[in-house]
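Analysis of the macromolecular model
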4 protein chains.
Amino acid sequence: MSPVTNSVRSRIHLSVVGSSLASPEEAAVAERVGREVARAGAVLVTGGLGGVMEAASRGARLEGGLVVGILPGTSRIEANPWVDVAIPTGLGEARNVVVVMAADAVVAVGGEYGTLSEIAHALKLGKPVVGLATWQLARAGRPDTRIREASSPEEAVRLALDLARAATVRGSRL
Amino acid sequence: MSPVTNSVRSRIHLSVVGSSLASPEEAAVAERVGREVARAGAVLVTGGLGGVMEAASRGARLEGGLVVGILPGTSRIEANPWVDVAIPTGLGEARNVVVVMAADAVVAVGGEYGTLSEIAHALKLGKPVVGLATWQLARAGRPDTRIREASSPEEAVRLALDLARAATVRGSRL
Amino acid sequence: MSPVTNSVRSRIHLSVVGSSLASPEEAAVAERVGREVARAGAVLVTGGLGGVMEAASRGARLEGGLVVGILPGTSRIEANPWVDVAIPTGLGEARNVVVVMAADAVVAVGGEYGTLSEIAHALKLGKPVVGLATWQLARAGRPDTRIREASSPEEAVRLALDLARAATVRGSRL
Amino acid sequence: MSPVTNSVRSRIHLSVVGSSLASPEEAAVAERVGREVARAGAVLVTGGLGGVMEAASRGARLEGGLVVGILPGTSRIEANPWVDVAIPTGLGEARNVVVVMAADAVVAVGGEYGTLSEIAHALKLGKPVVGLATWQLARAGRPDTRIREASSPEEAVRLALDLARAATVRGSRL
């Protein structure tokens, strides 16, 4: 038996990033994103707190998915109630780097500057980013199209999974 | 339904720390530690690499336990094959802090200076540490007894679980 | 004598962020930014590597300024030759958080995704950000104006210093 | 002109580590350590807070030395008044790794578990550690002699400088 074959680890990991203070619409979108992640058999990674993170976690758990929360503080207690595996880091803002490092692709739902930092770190690390009503980027007047905008939670997850698989295949060819 | 009640997160988390280059004896001890952690229904957390980390992970997985690996590098690929939930941090040495932050108690098996750093961070954070043929500490000529030495893997895990439960109860009374 | 009064620490600290692979134009702009930082008596903080970081460091040093470099790797050797105080962190990408944490305001010159992450962390931390041909942000179709665009290096530094002083005064009133 | 030649960066950097709650004796020892570091023309690096860190910083500053403080929190304000270059990291405990990463050798004065973590990280990174009434280590009953115990602050700094220079020479031969 190869222990990795049927391991959690061999599954695609998707990070869902967004504000800890979500509007009802954002929360509804994030919950649908979480549901789709779980239905696809992928592992959901978030920053483990409230708002978009909590709604996505709830969606994934209600579909029987596995939810990992990478926390900024020093205790598992701060995780939202839907997180299965809670990792307190004590790193404050620097935990945002770990949230995206742990993922094969990132889905951003709305979001404030913390979310923007996660998008930026993901793009720096070469990881696909799909957005739902999130940041749009331009440099020196020219739009940057590395954030792929999706029109629905379902499309966002499908696209993120496709891009994650393609990136993994390219990675393993190296 | 309270989602936390039957969550992975509500279980005791034990970190097993030790060298990535274990002797056969250390590996055998670490595997027994991992087995006991899983049998007790606790979550095993390690640094995710080889040696003591791999042996403990193997022990826990063979008993059906859940194994979390907090990695120093940037990819899940570097995790040993028994890790379920692999968290690459890209933090290098600083990931040692996260390994103990994620645990309620720490079991140290042998170990080099990296292990000593994990023991020290755990004690600084007020987390119980149980040792198996690991570091002994003294200050200004006086022994420091905060590392509780156990005589067998089974005793080490039992003691760590007892201390973790006691610490959690104290914490929740605050 | 109050030791802080004439300390380096009481001076404004400005971080200059930008790509490690700068175009000649960006390098020229960054060098002028560094010169102005030093002329104003402020401390220059950068990520310590090449490109924009090196050009700004060179500018500041040639004007007799103090240059701090917060490095991603584990050795002072990787710092560009104009860094006075080199701090290797071993944190990889997470060092970007420290680069902006150490500053009262940030000037961004051009830049790739790493620079965007520094801008985002700075804005999350409530620190002023001034841009020179750098990222433009929008959310859900609406421009975000928190990055103040300057038309010259001299204006960028003047604006960053003004905003840093105003933020410090507000902070000390709390 | 080679900018590095007369740069701060080309000087030996010594980290002085110890408790933030020092006894009067420890503070007196730490201040003498700081004085010697400055007299030798080396840069003093500490964790930037009180106790041993503050006493060493005071000693170095009173001799005209340069003092770098690597802080666990998010603001320069938390630095002791003798720190010249204050680097807030926001990393909490993980800043201990940076404190020793920034040094060529470490002098430990007394100290609690945080200090032990810094000693351990330094030894893991291959950096010389000299102790003054600090931790003594043993493994499986055998003393570990990597912490070189000194009998006076002056001897501690002399020994640390010698070991740092030797390590640097070996490093540059590679």
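Summary of the structure given here. Computed from a predicted structure; not experimentally measured. (Residues numbered from 1 in each chain as written. Chains lettered and ligands numbered in written order. Predicted model: local features only at pLDDT ≥ 70, side-chain atom pairs only at ≥ 80, totals over all residues. Heavy atoms only, no water.)

1. Re the overall build of chain A
A count of helices and strands for chain A gives five helices and nine strands. By the compact-globule yardstick of 16 Å for 174 residues, chain A fits well, its C-alpha radius of gyration being 15 Å. For the C-alpha atoms alone, the extent of chain A along its principal axes is close to 50 × 40 × 30 Å. When contacts within chain A are restricted to residue pairs at least 6 apart in sequence, those whose partners lie at least 24 apart make up 55%. Summed over all atoms, the accessible surface of chain A reaches about 6,300 Å², with 53% contributed by carbon and sulfur. Mean positive and mean negative side-chain charge positions of chain A (19 and 17 charges, respectively) differ by 9 Å. (Helix = DSSP H or I, 4+ residues; strand = E, 2+ residues; numbered from the N terminus. Rg over C-alpha atoms; globule rule 2.2 N^0.38 Å. Contact = heavy atoms within 4.5 Å. Areas by Shrake-Rupley, 256 points an atom, 1.4 Å probe, with all protein chains shown as cover. Lys, Arg positive; Asp, Glu negative; His and termini not counted. Charge placed at Lys NZ, Arg CZ, Asp CG, Glu CD.)

2. Concerning the interface of chain A and chain C
Opposite the 25 residues of chain A that make contact, chain C presents 25 residues. When chain A packs against chain C, the two sides together hide about 2,400 Å² of surface, and 61% of this comes from carbon and sulfur. Linking chain A to chain C there are four salt bridges. Taken together, the connections running from chain A to chain C amount to 13 residue pairs in polar contact (both at pLDDT 80 or more). At the level of elements, helix H3 (95-101), helix H4 (113-124) and strand S7 (135-139) of chain A are the ones that each hand at least two residues to the side of chain A that touches chain C. (Buried area = accessible area lost by both parts, 1.4 Å probe. Salt bridge = Lys/Arg side-chain N within 4 Å of Asp/Glu carboxyl O. Polar contact = N/O pair within 3.5 Å; in protein donor to acceptor, adjacent residues only side chain to side chain.)

3. Considering the sheet that holds strand S5 (residues 105-109) of chain A
Sheets are built from strands paired through backbone hydrogen bonds, the pairs being either parallel or antiparallel. Residues and elements named next belong to chain A. Spatially, seven strands are ordered S4-S3-S2-S1-S5-S6-S9 in an open sheet, and the strand pairing comes out parallel. The sheet is open, and its two edges are formed by strand S4 (85-88) and strand S9 (147-149), each paired on a single side. On average, adjacent strands in this sheet sit at an angle of 25° to one another, irrespective of strand direction. The pairing of strand S1 (residues 13-18) with S5 spans five bridges and is parallel. What sits directly across from Gly18, in S5, is Val109. (Pairing = 2+ DSSP bridges. Axes fitted to C-alpha atoms, helices over the stretch in contact; angles between N-to-C directions.)

4. As for the sheet that holds strand S2 (residues 43-46) of chain C
Residues and elements named next belong to chain C. With parallel pairing, the seven strands of this open sheet are ordered in space as S4-S3-S2-S1-S5-S6-S9. Looking at the sheet topology across the chains shown, the edges are occupied by strand S4 (85-88) and strand S9 (147-149). Taking the axes of each pair of neighbouring strands and ignoring which way they run, one obtains an average angle of 25° across the sheet. Both strand S3 (residues 67-71) and S4 contribute to a ladder of four bridges, which runs parallel. Paired with Val68 across the bridge in S4 is Val85. Across the sheet, helix H1 (residues 24-39) is in contact with strand S1 (13-18), S2, strand S5 (105-109) and strand S6 (129-132); its angle to S5 comes to roughly 155°.

5. Digging into the relation of the copies chain A and chain B
Once chain A has been moved 0.0 Å along the axis and rotated by 180°, it coincides with chain B to within an RMSD of 0.0 Å. One copy is carried onto the other by what is essentially a two-fold rotation axis. By C-alpha distance to the rotation axis, the residue of chain A lying nearest is A:Val85, at 4.2 Å. Of the residues that chain A buries at the interface, 100% are likewise interface residues in chain B, meaning the two copies contact each other through the same surface. (Least-squares fit on C-alpha atoms with pLDDT ≥ 70 in both.)

6. What to know about the relation of the copies chain A and chain C
Superposing chain A onto chain C takes a rotation of 180° plus a shift of 0.0 Å along the axis, which leaves an RMSD of 0.0 Å. The share of interface residues of chain A whose copies in chain C are also at the interface is 100%, consistent with both copies meeting through the same surface.

7. What to know about the interface of chain A and chain B
Contacts between the two partners involve 32 residues from chain A and, on the opposite side, 32 residues from chain B. Between chain A and chain B, a total of about 2,700 Å² is buried, with carbon and sulfur atoms accounting for 60% of that surface. Sorting the residues of chain A by area buried against chain B places A:Arg9, A:Arg76 and A:Met101 first, and these three jointly supply 27% of that buried surface. Residue B:Arg76 pairs with A:Asp104 through a salt bridge whose shortest N-O separation is 2.8 Å. Connecting chain A to chain B are 17 residue pairs in polar contact (both at pLDDT 80 or more). For the side of chain A that touches chain B, the secondary-structure elements that each account for two or more residues are strand S3 (67-71), S4 and H3 of chain A. Tallying contributions element by element places S4(A) first for the side of chain A that touches chain B, with four residues.

8. Let's talk about helix H4 (residues 113-124) of chain C
Because each turn of an α-helix spans 3.6 residues, side chains separated by three or four positions in sequence point in the same direction. All names here are of chain C. End to end, H4 covers 16 Å across 12 residues, agreeing with the expected 16 Å (1.5 Å per residue, within 8%). Of all 12 residues in H4, 11 are buried, a share of seventy percent or more. Restricting attention to buried positions, one finds in H4 the residues Tyr113, Gly114, Thr115, Leu116, Ser117, Glu118, Ile119, Ala120, His121, Ala122 and Leu123. Following H4 by one or two positions, Gly126 adopts a phi angle in the positive range, close to 80°. (Expected span 1.5 Å × (residues − 1). Buried < 20%, exposed > 50% of the residue type's maximum accessible area, 1.4 Å probe, protein only.)

9. What to know about the packing of helix H1 (residues 24-39) of chain B against helix H2 (residues 52-62) of chain B
Residues and elements named next belong to chain B. Closest axis-to-axis distance for the H1/H2 pair is 6 Å, and the angle between their directions is 40°. When the interaxial angle is binned, H1 and H2 end up oblique. As H1 packs across H2, the resulting crossing turns out to be right-handed. Across from Glu26, Ala27, Ala30, Glu31, Gly34, Arg35 and Ala38 in H1, the residues of H2 making contact are Val52, Ala55, Ala56, Arg58, Gly59, Ala60 and Leu62. (Parallel < 35°, antiparallel > 145°, perpendicular 65-115°, else oblique. Left-handed = near helix turned anticlockwise from the far one by under 90°.)

10. Re unusual backbone geometry
All names here are of chain B. If you check the backbone angles, Ala133 has positive phi at about 50° while not being a glycine. Position of Ala133 among the secondary structure elements: in the loop between strand S6 (129-132) and strand S7 (135-139). On the accessibility criterion, Ala133 (47% relative accessible area) is partly exposed.

11. Structural notes on the packing of aromatic side chains
The way to describe two aromatic rings as a pair is by their centre distance and the angle between their planes. For the structure shown, the criterion picks out four aromatic pairs over all chains. Positioned above the aromatic ring of D:Tyr113, the side-chain terminus of B:Arg139 is 5.9 Å from the ring centre. (Phe/Tyr/Trp six-rings, centres within 6.5 Å; stacked < 30°, edge-to-face > 60°. Lys NZ or Arg CZ within 6 Å of the ring centre and 35° of its normal.)

12. With respect to the pairing of S7(B)
Pairing analysis gives five bridges linking S7(B) to strand S7 (residues 135-139) of chain D, with the strands arranged antiparallel. Following the sheet pairing, B:Trp135 is matched in S7(D) by D:Arg139. Here S7(B) runs beside strand S8 (residues 142-144) of chain B; their pairing, made up of three bridges, is antiparallel. The residue bridging B:Leu137 from the neighbouring strand is B:Asp144, located in S8(B). Following S7(B), the chain reverses through two residues before pairing antiparallel with S8(B); B:Ala140 in that reversal takes a positive phi of roughly 50°.

13. Regarding the environment of A:Leu159
Residues and elements named next belong to chain A. Mapped onto the elements of the fold, Leu159 is located in helix H5 (residues 153-173). Its relative accessible area of 18% is what places Leu159 among the buried residues. On a C-alpha basis, the gap between Leu159 and Ile77 in space is 33 Å, while along the polypeptide they are 82 residues apart.

14. Details of the environment of B:Ile119
Residue and element names in this part refer to chain B. With respect to the helices and strands, the residue Ile119 is situated in helix H4 (residues 113-124). With a relative accessible area of 0%, Ile119 lands in the buried category. In sequence terms Ile119 and Val107 are 12 residues apart; their C-alpha atoms lie 8.8 Å from each other. Apart from residues lying up to four places away in sequence, Ile119 is in contact with Ala108, Val129, Thr134, Trp135 and Ile147.

15. Some thoughts on the pattern of salt bridges
All names here are of chain B. All told, the structure shown has 48 salt bridges over all chains when counted by the stated rule. Put simply, Asp144 and Arg139 hold a salt bridge, and the shortest N to O gap is 3.6 Å. Given a relative accessible area of 13%, Asp144 falls into the buried group. The exposure class of Arg139 is partly exposed, given its relative accessible area of 21%.

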